Amino acid sequence: MHAIVIREPGDADVLTWTEVPDPAPGPDEVLIDVAASAVNRADVMQRKGFYPPPEGAPPYPGLEVSGRVAELGADVTSGLSVGDEVCALLSGGGYAEKVAVPAGQVLPVPRGIDLVEAAGLPEVACTVWSNVFQLGGLRAGETLLAHGGGSGIGTFAIQLAKARGARVVTTVGSAEKAVRCRELGADEAVNYREDDFVEHGPYDVILDLIGAKYLARNVDALAVGGRLMVIGLQGGARAELDLGKLLGKRAAVHATTLRARPADEKAAIVTGVREHVWPLLEAGRIRTVVDRRVPMADAAAAHRALEDSVHVGKILLTV
């Protein structure tokens, strides 16, 4: 098969489409003929040498795919069949023509969703569901602040929170992105270049991709009993935390990653997504937001587009 190989840590041009050995599924794995993958910030970090794949994961980037089941491991009893259209959450290896993945991380393509577009669902759905709802406990009537509203995570978080009865505020970097986010259901879209999101709070749950740069202001913006969910470090990893403010608000700060979790934890998240999120997609209450489709062999162009941060939604890589 062909896959995108990172020749050495560096800029987007180190991504090379080349022939590599075919994967073989383990006893509890499913082999997927890949139709598409999607670009995530974690892929950029891996390309630069800052985010190596977990032990045992393929060395190629790519945390999610869609495609068709090509082969089932000997112990797979999940009801999947060869030829089924599926999408899957990965620990790596999505930028390839084939990938083997634990059966518990495989989802059917939602009814009414295009097979290629389904490649952009697993990572955002599992990240938002596990952080905002399973751990963050967002309830109907509460307010969510989703940073980076134009990102794949942001566009999905806005829609899922609104579908479950929450009020949603998001941060954006342009007037155009503000319009798009309001179209997706955001009650407010705060341009962080012109306005302070703290003044639009308080927020019961904050979903944060920035990290250190926003930590103090995120704590300022939390409601009493609020929950700050840190899932990214685009603004650095080290900052001072005012525990006095946190105590006074009886608030909590959680920091999580998805990629390195054990397979059984990922399977539990995937089960929750299938039960609670997939029906909303199939009913049309959440839609996929795709900025562009790029041939997988030209993954370098897709990475440059992501790093330019002018996209809204997901950038997909098609085989």
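Not measured: the values here are computed from a predicted model. (Residues numbered from 1 in each chain as written. Predicted model: local features only at pLDDT ≥ 70, side-chain atom pairs only at ≥ 80, totals over all residues. Heavy atoms only, no water.)

Take the overall build of the protein chain next. Helix and strand counts for the protein chain stand at 9 helices and 15 strands. Expected size for 319 residues packed as a compact globule is a radius of gyration near 20 Å; at 19 Å, the protein chain falls within 12% of this value. Residue burial in the protein chain is summarised as follows: out of 319 residues, 54% are buried. Taking the intrachain contacts of the protein chain between residues at least 6 apart in sequence as the baseline, contacts between residues at least 24 apart amount to 67%. One way to put it: in the protein chain the 32 positive side-chain charges average out to a point 6 Å from where the 41 negative ones average out. (Helix = DSSP H or I, 4+ residues; strand = E, 2+ residues; numbered from the N terminus. Rg over C-alpha atoms; globule rule 2.2 N^0.38 Å. Buried < 20%, exposed > 50% of the residue type's maximum accessible area, 1.4 Å probe, protein only. Contact = heavy atoms within 4.5 Å. Lys, Arg positive; Asp, Glu negative; His and termini not counted. Charge placed at Lys NZ, Arg CZ, Asp CG, Glu CD.)

With that out of the way, let us pick up the packing of aromatic side chains. Taken as a whole and judged by the stated rule, the model has 2 aromatic pairs. The interplanar angle of 20° and the centroid separation of 5.4 Å between the aromatic rings of Trp129 and Phe133 together place this pair among those described as stacked. With Trp129 and Phe133 both in helix 2 (residues 122-135) and 4 residues apart, the pair spans about one turn of that helix. The pair formed by Trp129 and Phe133 is uniform in burial state, with each residue classed as buried. The side chain of Arg164 reaches across the aromatic face of Phe133, ending 5.0 Å from its centre. Over the face of the ring belonging to Tyr51 we find Arg259, whose NZ or CZ atom lies 4.9 Å from the ring centre. (Phe/Tyr/Trp six-rings, centres within 6.5 Å; stacked < 30°, edge-to-face > 60°. Lys NZ or Arg CZ within 6 Å of the ring centre and 35° of its normal.)

Below, the discussion takes up the sheet that holds strand 9 (residues 167-172). One open sheet accounts for 6 strands, arranged 10-9-8-11-12-13; its pairing is parallel. Edge positions in the open sheet fall to strand 10 (188-191) and strand 13 (252-255), since each of these has one partner strand only. Going across the sheet, the axis of each strand differs from the next one's by a mean of 15°, ignoring polarity. For strand 11 (residues 203-208) and strand 12 (residues 222-230), the ladder comprises 5 bridges, and the chain directions are parallel. (Pairing = 2+ DSSP bridges. Axes fitted to C-alpha atoms, helices over the stretch in contact; angles between N-to-C directions.)

Disulfide: a covalent bond formed between the sulfur atoms of two cysteine residues. Scanning the model with the defined rule gives 0 disulfides in all. With no disulfide of its own, Cys87 lies 8.7 Å from the sulfur of Cys126, the closest cysteine sulfur. Judged by its relative accessible area of 0%, Cys87 is buried. According to the relative accessible area criterion, Cys126 is buried, its value standing at 0%. (Disulfide = S-S within 2.5 Å.)

The complete set of buried residues in helix 9 (residues 299-308) reads Ala299, Ala300, Ala302, His303, Ala305 and Leu306. Buried residues in helix 9 make contact with strand 1 (2-6), strand 2 (15-19), helix 1 (41-48), strand 14 (290-295) and strand 15 (314-318). Where helix 9 ends, the next residue or the one after it, Ser309, has phi of about 60°, a positive value.

Turning our eyes to something else, we now look at helix 4 (residues 175-183). Taken residue by residue, helix 4 has Lys177, Ala178 and Cys181 as its buried positions. Down the axis of helix 4, the sector holding all buried residues measures 105°, keeping them to one side. Those residues of helix 4 that are exposed and aimed more than 90 degrees away from the buried face are Ala175, Glu176 and Glu183. Each element contacted by the buried residues of helix 4 is listed here: helix 3 (152-163), strand 9 and strand 10. Gly185 lies just past helix 4 and shows a positive phi near 125°. (Arc of directions from axis to C-beta.)

Often, the extent of an interface is quoted as the loss of accessible area on bringing the components together. When cut into domains, the protein chain gives domain 1 (2-122 + 259-318) and domain 2 (136-255). If you average the C-alpha positions of domain 1 and of domain 2, the two centres end up 26 Å apart. With 15 residues of domain 1 at the interface, the matching set in domain 2 holds 13 residues. The contact between domain 1 and domain 2 buries some 1,200 Å² in all, and 60% of this surface belongs to carbon and sulfur atoms. Broken down residue by residue, the surface that domain 1 buries against domain 2 is led by Ile286, Arg287 and Val312, which jointly contribute 37%. Where domain 1 touches domain 2, the interface holds 0 salt bridges. Taken together, the links from domain 1 to domain 2 amount to 5 residue pairs in polar contact (both at pLDDT 80 or more). Of the residues assigned to the side of domain 1 that touches domain 2, the class counts are 7 nonpolar, 4 polar and 4 charged. (Domains from an automatic or database assignment. Buried area = accessible area lost by both parts, 1.4 Å probe. Salt bridge = Lys/Arg side-chain N within 4 Å of Asp/Glu carboxyl O. Polar contact = N/O pair within 3.5 Å; in protein donor to acceptor, adjacent residues only side chain to side chain. Nonpolar A, V, L, I, M, F, W, Y, C, P; charged D, E, K, R; others polar.)

Here we come to the pairing of strand 8 (residues 143-146). Every second residue of strand 8 is oriented toward a common face, with Thr143 and Leu145 on one face and Leu144 and Ala146 on the other, all of them buried. Bridge analysis of strand 8 against strand 9 gives 4 bridges, and the strand direction is parallel. The residue bridging Leu145 from the neighbouring strand is Val169, located in strand 9. With 3 bridges connecting them, strand 8 and strand 11 associate as parallel partners. Looking at strand 11, one finds that Ala146 is bridged to Leu207.

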